[in-house]
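Structural overview for review
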Amino acid sequence: MKSLKVAGLLAFTSIRKGSTGVTLLTILILVIVALNLLFVPSLLGGLVSGANEKVINTYAGDIVIESSRESGLIRNADRLISSIEAIEGVVAVTPRNSLGAELSFDDERTRCVVYGIQPEREQAVFSIHESLVEGNYLEAGDRDKILLGIQLAGADRPDLEFYTRSLKKVHAGDKISVTYANGLEKRYTVKGIFYTEFVQTDLQAFVSDKEFRAVSLLNRNQAASIHVRTAPDADIKGIAVQIDSIGDDIKILTWEDYAGIVRSMTDSFNVINTILDIVNLLIAAATVFIVTYIDVANRKRQIGIQRAIGITPAAITLAYLMRAVFYATIAAALAGLIFTNVVVPLEAQHPFHFPLGDVYLVATPADIMRTALILLGAAIIAAFIPVRAVVRIKILDAIWG
């Protein structure tokens, strides 16, 4: 306890009588490091969160049900849909059917999958209807009309990722030819074009379920997949288990299973985040190490005298560690305040725009605590090394340099 009091007095005196400029500069550097520790994970977290929302809202829904039969079709789809809708936590359900096709317009051709959908159900599960850039959404009774993703239509947008493989100049109201995988060729009027900013969705084409069954001769009570929207607080895995218990010859996929690309992207971001954390950790440690090393080098004689009058090496070491903790604590607190009250609101007004759309910073109290702990750990270790080396020198050698 006595050593602790002595250490506290030494630390307080060192900070109070030390160079104000050095103290402020040290804290400033640590604040910048802490902001970086907060900013990068928050940005990557926002990007992953945005990608997840795109997958759920435009591509998969929360749960996807497919057939495990060789035909790839779910039998008695209507009965299964009714049973799923009765499960607590399920908000909406929509079936889809699909057929490969080649689209052509003038001299341009492209391949895609055409989906047969029930528009009213579809709008309850997906938000594609909110992403129209031209024309209108499909209606249940539409025949000879098709809805195209912008990556298929092109729409005179050469900045698109797949523009060179698209129809390039197709707009709402144009007529295109569709040759289905079953050999049927038909002309369609493009009723609308959507742009969700999720490439996998924007490479899709849709016709009404009525139109699809006419060209595919598919049985009314069959579906290639069924997509489920759940309530925000619902237990997705629990609902998936219930669905599995009421269906025959089906396999259940969560949106994460269905869109493996997002999981792969998340894993990549986690690796990047870890690398950047290590770099920031080294910067913080180097800053505290240099400041502490210079200080103990200049005060080597003073430390020798302190030891000669009875102050223990442990108290001297603890004093420098306290000073490092002071720097890190002030820096972490300032960084947290700046990030939550300045950086996040400013970025919300001017969000970063990625290929997946606008990305907003996602920061939680746990992120701020994690940053503070990283900063404290780096500061303590970096301060301990040079102090430990000095206090191990013989007292007379320290006094006489």
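Residues numbered from 1 in each chain as written. Predicted model: local features only at pLDDT ≥ 70, side-chain atom pairs only at ≥ 80, totals over all residues. Heavy atoms only, no water.

**Re the pattern of salt bridges**
As a reminder of what qualifies: We define a salt bridge as a contact between a side-chain nitrogen of Lys or Arg and a carboxyl oxygen of Asp or Glu at a distance within 4 Å. Exposure is judged per residue with a 1.4 Å probe applied to protein chains only, and the accessible area is read against the type maximum: over 50% gives exposed, under 20% gives buried, and values in between give partly exposed.
Tallying each qualifying case throughout the model produces 15 salt bridges. Arg-111 is paired through a salt bridge with Glu-102; the nearest N and O atoms lie 3.7 Å apart. Residue Arg-111 is classed as exposed on the basis of its relative accessible area, which comes to 65%. One connected set of salt bridges, linked through shared partners, spans Arg-143, Asp-144, Lys-186 and Glu-211.

**Brief notes about the nonpolar core**
As a reminder, the rule being used: For the purposes of this section, nonpolar cores are sets of buried Ala, Val, Leu, Ile, Met, Phe, Trp, Tyr and Cys residues that join through side-chain atoms within 4.5 Å. By definition, any uninterrupted DSSP run of H or I lasting at least four residues is a helix, any uninterrupted run of E lasting at least two residues is a strand, and each is numbered from the N terminus.
Counting 29 residues, the largest nonpolar core has Ile-146, Leu-148, Ile-176 and Tyr-180 as its most contacted members. Secondary-structure elements contributing two or more residues to this core are β2 (90-105), β3 (108-117), β5 (145-149), α5 (150-153), β6 (175-180), β7 (185-194), β8 (204-208) and α7 (209-216). In this structure, Leu-80, Val-90, Ile-226 and Ala-240 belong to the second largest nonpolar core, which totals 25 residues.

**As for the side chain of Thr-94**
Our working definition: The definition of a polar contact used here is a pair of N or O atoms within 3.5 Å, where within protein one atom must be able to donate a hydrogen and the other to accept one, and adjacent residues in sequence count solely through side-chain atom pairs. Only heavy atoms matter for contacts: two residues are in contact if any of them lie within 4.5 Å across the pair.
Residue position: Thr-94 is located in strand β2. A polar atom in the side chain of Thr-94 sits 3.2 Å from the side chain of Glu-122. If we ignore the near neighbours within four places in the chain, the residues touching Thr-94 are Gln-118, Arg-121, Glu-122, Val-125, Phe-126, Ser-225, Ile-226 and His-227.

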